[in-house]
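Residues per chain are reported as follows:
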Amino acid sequence: EAGRLFTTFAYFALLPVIAGALFAQEIVMMIAPPSYYSAIDAMVILMAGMATQTFGMFCGLQFAYAKKAYWIFPLTVVGTLANVAANIALIPRFGLLGAAASYSLMLMVLNTALTLVGQRVCPIGYQWPRLIFMHGTAILAAAFVVLCRREGATGTMLYAGKAGFLIAYTAAGA
């Protein structure tokens, strides 16, 4: 029962994340001056990391319920070390985009670790295929937008791709 409820929660929690990733450019262009436009790709990359955070929010309950919250600290250290290593590798070469990617990587590492260990301390029957599809769709949507922006894609093909991701995500909730 808890796994089914969480899947519903994750579906609705991911909706603004996937919308933010797909329409970051339109959102920023509506609310910010042109000097902020260079941060659009970073915003999209951060949305990919936030997709995993929707799952990480729930995993903390498993540790509390099992009275093993002490696991959260060392897992957070693992995520932090991944962030530091990625910062060292990515920021000199990619600047702001490298920082966004390293933070997203940290969230993915941390939330994957929390999930794996959380399932050992207090197993919950999540609907794994749907959760993986939803999170994968959000991450792939972000990658699609960044690649399209890098290649200068506009118009029909760009919006057809965005619509495709929205349709796929909507199907996951059915």
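Read on for an overview of the structure. (Residues numbered from 1 in each chain as written. Predicted model: local features only at pLDDT ≥ 70, side-chain atom pairs only at ≥ 80, totals over all residues. Heavy atoms only, no water.)

Core analysis: the biggest nonpolar cluster contains 45 residues, and Phe6, Leu14, Val44, Tyr126, Leu131 and Met134 have the highest contact counts within it. Only α1 (2–22), α2 (24–31), α3 (40–65), α5 (96–121), α6 (128–151) and α7 (155–173) provide two or more residues apiece to this core. A total of eleven residues in this core trace back to one element, the largest contributor, which is α3. Those residues in contact with valine 44, other than ones at most four positions away along the chain, are Ala21, Ala24, Ala142, Val145 and Val146. (Core = buried A, V, L, I, M, F, W, Y, C linked by side-chain atoms within 4.5 Å. Buried < 20%, exposed > 50% of the residue type's maximum accessible area, 1.4 Å probe, protein only. Helix = DSSP H or I, 4+ residues; strand = E, 2+ residues; numbered from the N terminus. Contact = heavy atoms within 4.5 Å.)

Below, the discussion takes up the environment of serine 104. Relative to the helices and strands, serine 104 resides in helix α5. By relative accessible area, which is 3% here, serine 104 ends up buried. Residues serine 104 and alanine 86, 18 residues apart in the sequence, show an inter-C-alpha distance of 9.9 Å. Setting aside its immediate chain neighbours within four residues, serine 104 contacts Ile45, Leu46 and Gly49.

Before going further, it helps to spend a moment on the pattern of salt bridges. Counting across every chain of the model gives three salt bridges. Residue glutamate 26 pairs with lysine 162 through a salt bridge whose shortest N-O separation is 2.9 Å. Here glutamate 26, found in helix α2, pairs with lysine 162, found in helix α7; they are 136 residues apart in sequence, far enough to count as distant. The class of lysine 162 is buried, set by a relative accessible area of 3%. Residues arginine 149 and aspartate 41 are paired through a salt bridge, measuring 2.5 Å at the closest nitrogen-oxygen approach. A residue pair is termed long-range when its members are at least 10 positions apart, and arginine 149 in helix α6 and aspartate 41 in helix α3 qualify at 108 residues. Owing to a relative accessible area of 28%, arginine 149 belongs among the partly exposed residues under this scheme. We classify aspartate 41 as buried; its relative accessible area is 5%. (Salt bridge = Lys/Arg side-chain N within 4 Å of Asp/Glu carboxyl O.)

On to unusual backbone geometry, then. Negative phi characterises most residues that are not glycine, and trans characterises most peptide bonds. Even without a glycine there, the phi angle at lysine 67 is positive, about 60°. The exposed category is assigned to lysine 67, whose relative accessible area is 70%.

Before going further, it helps to examine a nonpolar patch on the surface. Taken together, the side chains of Phe73, Val77 and Leu81 present a nonpolar region at the surface, about 320 Å² in accessible area. Positionally, valine 77 belongs in helix α4 (residues 72–94). Under the relative-accessibility criterion, valine 77 is labelled partly exposed at 33%. (Patch = residues over 30% accessible without salt bridge, like charges linked within 9 Å, V, L, I, M, F, W, Y side chains within 5 Å. Areas by Shrake-Rupley, 256 points an atom, 1.4 Å probe, with all protein chains shown as cover.)

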